[in-house]
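Secondary and tertiary structure notes
Chain residues, written in single-letter form:
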Amino acid sequence: MMKTISIINLKGGVAKTISAINIAHILVKVHGKKVLLIDNDKQGNTSKFFGLYDPDSEYGLSELLTVRDIDVDNVIQQTGYEGLDIITANMSLLRANKEILMDVSRPQQTRLRKKLESVKDRYDYVIIDNAPDINMTVVNALVASDDVLVPIKVDQFAFDGLEQILEQIDHVSEFNSDIHFAGCFVTMYQRNNVNQQGAELLEQQGYPMFSTRIRKTVKVDEMTFTGKPLLEYAKRSTACVDYVALVNEYLKL
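Below: a short report on this structure. Keep in mind that what you see is a predicted model, and the values were worked out from it rather than measured. Counting starts from 1 at the beginning of each chain's written sequence and moves along it residue by residue. Per-residue local features are limited, in this predicted model, to residues with pLDDT of at least 70; the limit for side-chain atom pairs, both in listing and counting, is 80 or more; totals at the level of whole chains, interfaces and linings are taken over all residues. Processing note: side-chain calculations cover all non-hydrogen atoms of the structure and skip hydrogens and water entirely.

Any two aromatic rings considered together are summarised by their centre-to-centre distance and by the angle between their planes. Any Phe, Tyr or Trp ring, taking Trp's six-membered ring, that has another such ring centre within 6.5 Å forms a pair; planes under 30 degrees apart are called stacked, those over 60 apart edge-to-face, and the others tilted. Here the structure, examined in full by the defined rule, presents 2 aromatic pairs. When the ring of Phe49 is compared with that of Phe50, the centres are 5.1 Å apart and the planes differ by 85°; the resulting orientation is edge-to-face. When a residue's accessible area, from a 1.4 Å probe over protein chains only, is under 20% of the maximum for its type it is buried; when over 50% it is exposed; and in between it is partly exposed. For Phe49, a relative accessible area of 9% puts it in the buried group. Its relative accessible area of 10% is what places Phe50 among the buried residues.

By convention a nonpolar core is built from buried Ala, Val, Leu, Ile, Met, Phe, Trp, Tyr and Cys residues, the set being connected through side-chain atoms within 4.5 Å. By size, the foremost hydrophobic cluster in this structure holds 34 residues, and its most contacted members are Ile23, Leu37, Ile127, Leu149 and Tyr243. We count a stretch as a helix when DSSP gives it H or I for four or more residues in a row; a strand needs E for two or more, and each element gets its number in order from the N terminus. Contributing elements (two or more residues each) for this core: strand S1 (3–7), helix H1 (16–29), strand S2 (35–40), strand S4 (84–87), strand S5 (125–130), strand S7 (180–187), helix H9 (218–226) and helix H11 (238–251). For this core, the element with the highest residue contribution is H1, accounting for 8 residues. With near-sequence residues (within four places) excluded, Leu37 lies in contact with Ala20, Ile21, Ala24, Thr46, Phe50, Leu84, Asp85, Ile86, Ile87 and Ile127. Every residue pair with non-hydrogen atoms within 4.5 Å of one another is taken to be in contact.

All right, on to H11 then. By definition here, a helix of n residues has an expected span of 1.5 Å times n minus one. The end-to-end C-alpha distance of H11, which contains 14 residues, comes to 20 Å, matching closely the 20 Å that a straight helix rising 1.5 Å per residue would cover. All buried positions along H11 are accounted for by Ala239, Cys240, Asp242, Tyr243, Leu246, Val247, Glu249 and Tyr250.

The next subject is the packing of H1 against H11. At their nearest, the axes of H1 and H11 sit 10 Å apart, and the two run at 70° to each other. The angle between H1 and H11 places the two elements in the roughly perpendicular class. Taking contact as the criterion, the partners of Ile18, Ser19, Asn22, Ile23, Ile26 and Leu27 in H1 are, on H11, Tyr243, Val244, Leu246, Val247 and Leu251. Tallied by class, residues from the contact of H1 with H11 come to 9 nonpolar, 2 polar and no charged. Lines fitted to C-alpha atoms define the axes, with helix axes restricted to the stretch in contact, and inter-axis angles between N-to-C directions lie between 0 and 180 degrees. For classification, angles of less than 35 degrees are called roughly parallel, those exceeding 145 degrees roughly antiparallel, those between 65 and 115 degrees roughly perpendicular, and all remaining angles oblique. Residue polarity follows a fixed list, in which Ala, Val, Leu, Ile, Met, Phe, Trp, Tyr, Cys and Pro are nonpolar, Asp, Glu, Lys and Arg are charged, and the others, Gly among them, are polar.

What follows is about the sheet that holds strand S3 (residues 76–81). Across a sheet, strands are paired by hydrogen bonds formed along the backbone, either parallel or antiparallel in direction. On the basis of which strands lie adjacent, the open sheet formed by 7 strands has the order S3-S4-S2-S5-S1-S6-S7 and mixed pairing. A single partner strand is all that each edge strand has here, and the edge strands are S3 and S7. When strand polarity is set aside, the average angle formed by the axes of neighbouring strands in this sheet is 25°. Two strands form a pair only when DSSP identifies at least two bridges running between them. Bridging between S1 and strand S6 (residues 147–153) involves 3 bridges; their strand directions are parallel. Directly across from Ile7, in S6, lies its bridge partner Leu149. Of the strands in this sheet, S1, S2, S3, S4, S5, S6 and S7 touch H1, which is tilted by about 170° from S5.

Following this line, the structure appears as structure tokens:
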């Protein structure tokens, strides 16, 4: 049965896109799964990573959510990695959010979930890279999701937005009673007091936490220029080892 995972944090710069790409690729390459990656951020960084960003495209997530009769197959593209497909995004997501709100002729929150129904027998996982925002496209992603994962960079702003995410999960449970906050995982981790104490404080606050921490390495920055996931570009890097461990930990939940 296909499982949909939303990766979200209302704070930017926490490695949401890096995490979405590497988790998706590891599920494919290490675990032999078929994965659909959805770019749900108007910046289109996930789409850019795979060389598929098109500012003028009329066949992406925006159209899937706003054009009534469009088929999901029309917006799915291959990434170049067998078993890993993508639905791209661009700045038209701004327009899509407004159109969804204005169109009261059909349900607004469940559009993505309904569209994904037609591919549930083709993919094992859907990974959604969400914008650091709460808007109609993000609400659609949460309504379509089974699990929510929150990447956290430990600094003085690490807790910002976590309560709002939990509130949104509670709100969308009206449309999706199966949604589950699987937990937070620390990114850009360094072995210092700030990172250690911050991670412990998150646990003390009662947030579910993955024990795996994604260590900081320059290989992650380099990866963004190569268009290759860590498993392809730097498989021995600490971050790659950590993402493999994170996926293993998630699959054991």
